[in-house]
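# Observations on the three-dimensional arrangement
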Amino acid sequence: MRKQVQIRINTNGRYSKYGMHSSRPCRREVHMKEKDSVIDNVKSADSRKTSDKKIISDNKTMSATGKPSVGENRENKMGVMSEGKLLMSMSLPMIISMLFQAMYNVVDSVFVSRFSMDGLTAVSTAFPIQNLMIGVFSGLGVGFNAFISKALGEKKFDRANEVARQGIFLEAIGYVIFLIIGLFFAKSFMMSQTDDAQVIQYGTEYLEVCCCCAFGIAFQMTFERLLQSTGRTMYSMITQILGAVINLILDPIMIFGLLGCPRMGVKGAAIATVCGQCIAGTLAMIFNIKKNPDLHITLRKFRPHGEIIGKILGVGVPSVIMVAIGSVMNYFLNLILFSFSKLAVAVFGAYFKVQSMAFMPVFGLNNGMIPIISYNYGAQRPDRMKRTMKLGVMVGCSIMLFCLVIMQAFPGQILKIFDATDDMLSMGIPAVRIMSIAFIFAGFSVTCSGMFQAVGKGVYSMIVSMARQLFVILPVAYFLSKAMNSVNGVWTAFPIAEIFSVIISTFLLLRVYKKIVKPLERGQIE
């Protein structure tokens, strides 16, 4: 009699030839399962190899020389490379880029000062608007830069392209805003600070050119940030160096009327700046087309995307606000200084340009330090986080101490770069020495600001910036200038403000350690 075989479907979806209450698998089933498991393991291994190759191919790290490091991908590098070597390799290109970016304003001021001291005063008076312009375009770039990188990391290439399109759209809106300022409000802005007719004329001419032709800096900032978002920082460094060199060459030609060019004075400095920005922006666009295969941008069928725009602004606006705070501080300090003399404004303008060159290496250090701390924060490696933080503070403070020595030892020589007169030297030498005392404290505060951003506490950076530049410097400068009846009271406000900045930064840093780093050390995340 033939034995009946009952076929049933178990709850796990497999067929069995045993009784209804039996869960014993058949011998063939076991064999097939083992075979499938072996095949799956082989496929998984092959997949991992292919994936690893792709990751290394897509994420080649760039060394300080711009050559790709094929041996490891970016993630492994930030997790395993020695902190000192890692910090240097990631910071150096950004330091160089930011130094050349700061050269735009310094070079303009140097050549304009040799044209006219009123011209230097005018450029210094116009600086708050120019600084705000850089802040808006750079801040928006920070916003879309972050989301493009995130989308590429998730392999969402269409999303990355769409974020880039929306970012370009926002930068265009920013240009329209400054175009309106240049056309209708440049003269009013100058007149709100001084009644000197010559300074107003020079400053108005300078602002009209810079604002109406702000498409140059918008173009440059946009395409450089697109390069940075895909890890191609060396190309953005090349474009910034080119722009600064073009500006350096054209400034004397256009200001003084060399090589057959008409003598345009302060207006010529603005035109030279815009030309450098346009050429750098064009090269950055070419690099994106030829050397940036991660992004394929087209404006066909473009529509504003509310969600993406909101996310870009959510990251970019705080950066813009921090720069705007600096512009507000400059504006009101100019008002205080004009109550003494326009020479005081020229001295402050010259010092501020030199100070920006001193701070740029620390800002570049921060830009290299932030992703290292952020990566190890995500990887729950508090040991590497702390070592990177300590190293960042040591390097940042060392840079500022070196700059302090230079400023204290050679204040006259520094001011003579701006063709300083005897009157400017008599006021400027003590001014440089007093204000640069702030460098002792600034290295710590600026580095702490980068640490706060790295662990998602950007609001702490904003608190420190607002406290230093608005709530301390301005009231203290006003009070001391009246109490001392001397412009030296304004200069003294700077080291006092930095002392407050160190106190606030230390408090917030201890809070970050208690709330974030210490729980990681215990293996807990609050």
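For the structure itself, look to the data block above.
As the structure is a prediction and not an experimental result, all values here were calculated from the model.

## Considering the side chain of S445
Note on placement: S445 falls in helix α16 (residues 439-454). The buried category is assigned to S445, whose relative accessible area is 5%. At 3.0 Å, the side chain of S445 forms a polar contact with the side chain of S501. Aside from chain neighbours lying at most four places away, what touches S445 is E498, S501, V502 and S505.

## Some remarks on the environment of F359
Relative to the helices and strands, F359 is located in helix α12 (residues 342-378). Put simply, F359 and V446 are 87 residues apart on the chain and 8.8 Å apart in space, counted from C-alpha to C-alpha. What F359 contacts, discounting residues up to four positions off in sequence, is M400, F439, A442 and V446.

## Structural notes on the pattern of salt bridges
Counted under the stated rule, the structure contains 10 salt bridges. For the salt bridge of R114 with D419, the shortest nitrogen-to-oxygen distance reads 4.0 Å. Placement of R114 in helix α3 (residues 83-115) and of D419 in the loop between α14 (411-416) and α15 (422-435) is noted, with a sequence separation of 305 residues between them. For R114, a relative accessible area of 43% corresponds to the partly exposed category. The class of D419 is partly exposed, set by a relative accessible area of 35%. Within this structure, D118, D196 and K342 form a network of salt bridges that share partners.

## Considering empty space enclosed by the protein
In the structure shown here, the tally under the stated rule is two cavities of 30 Å³ or more. Put simply, the largest cavity is a space of about 110 Å³. Broken down by secondary-structure element, the contributors of at least two residues to the lining of the largest cavity are α3, α4 (117-153) and α10 (265-291). Grouping the amino acids of the lining of the largest cavity by side-chain chemistry returns eight nonpolar, five polar and no charged. By volume, the second largest cavity is sized at about 30 Å³. Taken together, S124, F127, N330, N334, F348, G349 and F352 make up the lining of the second largest cavity. When residues of the lining of the second largest cavity are traced back to their parent elements, those giving at least two are α4, α11 (306-338) and α12. The greatest single-element share of the lining of the second largest cavity, amounting to three residues, is contributed by α12. Here the residues of the lining of the second largest cavity sort into three nonpolar, four polar and no charged.

## Concerning the nonpolar core
The biggest cluster of nonpolar side chains holds 54 residues, and the ones touching the most others in it are M133, F137, I148, Y206 and L207. Listed by contribution, the elements that provide at least two residues to this core are α3, α4, α5 (157-184), α6 (186-191), α7 (197-212), α8 (215-229), α10 and α11. No other element matches the 12 residues that α4 contributes to this core. Beyond its immediate stretch of four places on either side in the chain, I148 contacts A160, V163, A164, L226, S229 and L295. Core analysis: the next-biggest nonpolar cluster, separate from the first, contains 51 residues, L337, V354, C403 and V472 among them.

## So, the packing of α11 against α12
The geometry of a pair of packed helices is captured by two quantities: the angle between their axes and the separation between those axes. Direction vectors running N to C along α11 and α12 enclose 145°, while the axes themselves pass 7 Å from each other. With respect to the hand of their crossing, α11 and α12 are arranged in right-handed fashion. Residue-level inspection shows M329, N330, L333, N334, L337 and F338 of α11 in contact with α12, the latter providing K342, A344, V345, F348 and F352. Classifying every residue of the contact of α11 with α12 gives eight nonpolar, two polar and one charged.

## Quick look at the packing of aromatic side chains
Under the definition given, this model contains 14 aromatic pairs. For the pair F219 and F223, a centre-to-centre distance of 4.9 Å together with 75° between the ring planes defines the contact as edge-to-face. Separated by four residues within a single helix, F219 and F223 lie in helix α8, roughly one turn from each other. Its relative accessible area of 29% is what places F219 among the partly exposed residues. Ring-pair connections join several aromatic residues into one group, and the members of that group are F127, F348, F352 and F494.

Definitions and limits used
Residue positions within a chain follow its written sequence, with the count starting from 1. The model is predicted, so local features are restricted to residues of pLDDT at least 70 and side-chain atom pairs to those at 80 or more, both for listing and for counting; the totals for chains, interfaces and linings are taken over all residues. Calculated side-chain values reflect all of the structure's heavy atoms, with hydrogen atoms and water omitted. Secondary structure elements follow DSSP: runs of H or I no shorter than four residues count as helices, runs of E no shorter than two count as strands, and numbering proceeds from the N terminus. Whether a residue is buried, partly exposed or exposed follows from its accessible area with a 1.4 Å probe, protein chains only, as a fraction of its type maximum: under 20%, in between, or over 50%, in that order. For the purposes of these results, a polar contact is taken to be a pair of N or O atoms within 3.5 Å, where, inside protein, one atom must be able to donate a hydrogen and its partner to accept one; residues adjacent in sequence count only when each atom of the pair is a side-chain atom. In what follows, residue pairs with any heavy atoms lying within 4.5 Å of each other are defined as contacts. In the sections that follow, a salt bridge refers to a side-chain nitrogen of Lys or Arg positioned within 4 Å of a carboxyl oxygen of Asp or Glu. In this analysis, the protein atoms alone were mapped onto a 1 Å grid. Cavities are point sets where a 1.4 Å probe fits without being able to get out; pockets are open sets with protein on both sides within 12 Å along at least five of seven lines; lining residues have an atom within 4 Å of a point. Grid points are joined across faces, edges and corners, and a volume is the space filled by probe spheres set on the points. Think of it as three bins: nonpolar holds Ala, Val, Leu, Ile, Met, Phe, Trp, Tyr, Cys and Pro, charged holds Asp, Glu, Lys and Arg, and polar takes everything else, Gly as well. By nonpolar core is meant a set of buried Ala, Val, Leu, Ile, Met, Phe, Trp, Tyr and Cys residues that side-chain atoms within 4.5 Å join together. Only C-alpha atoms enter the line fits that serve as axes; for helices the fit covers just the stretch in contact. Angles between N-to-C directions range over 0 to 180 degrees. Less than a right angle of anticlockwise turn of the near helix away from the far helix marks a crossing as left-handed, whereas a clockwise turn marks it as right-handed. Each pair of aromatic rings taken from Phe, Tyr and Trp, with Trp reduced to its six-membered ring, is defined by centres within 6.5 Å and is described as stacked if the planes are under 30 degrees apart, edge-to-face if over 60, and tilted in the remaining cases.

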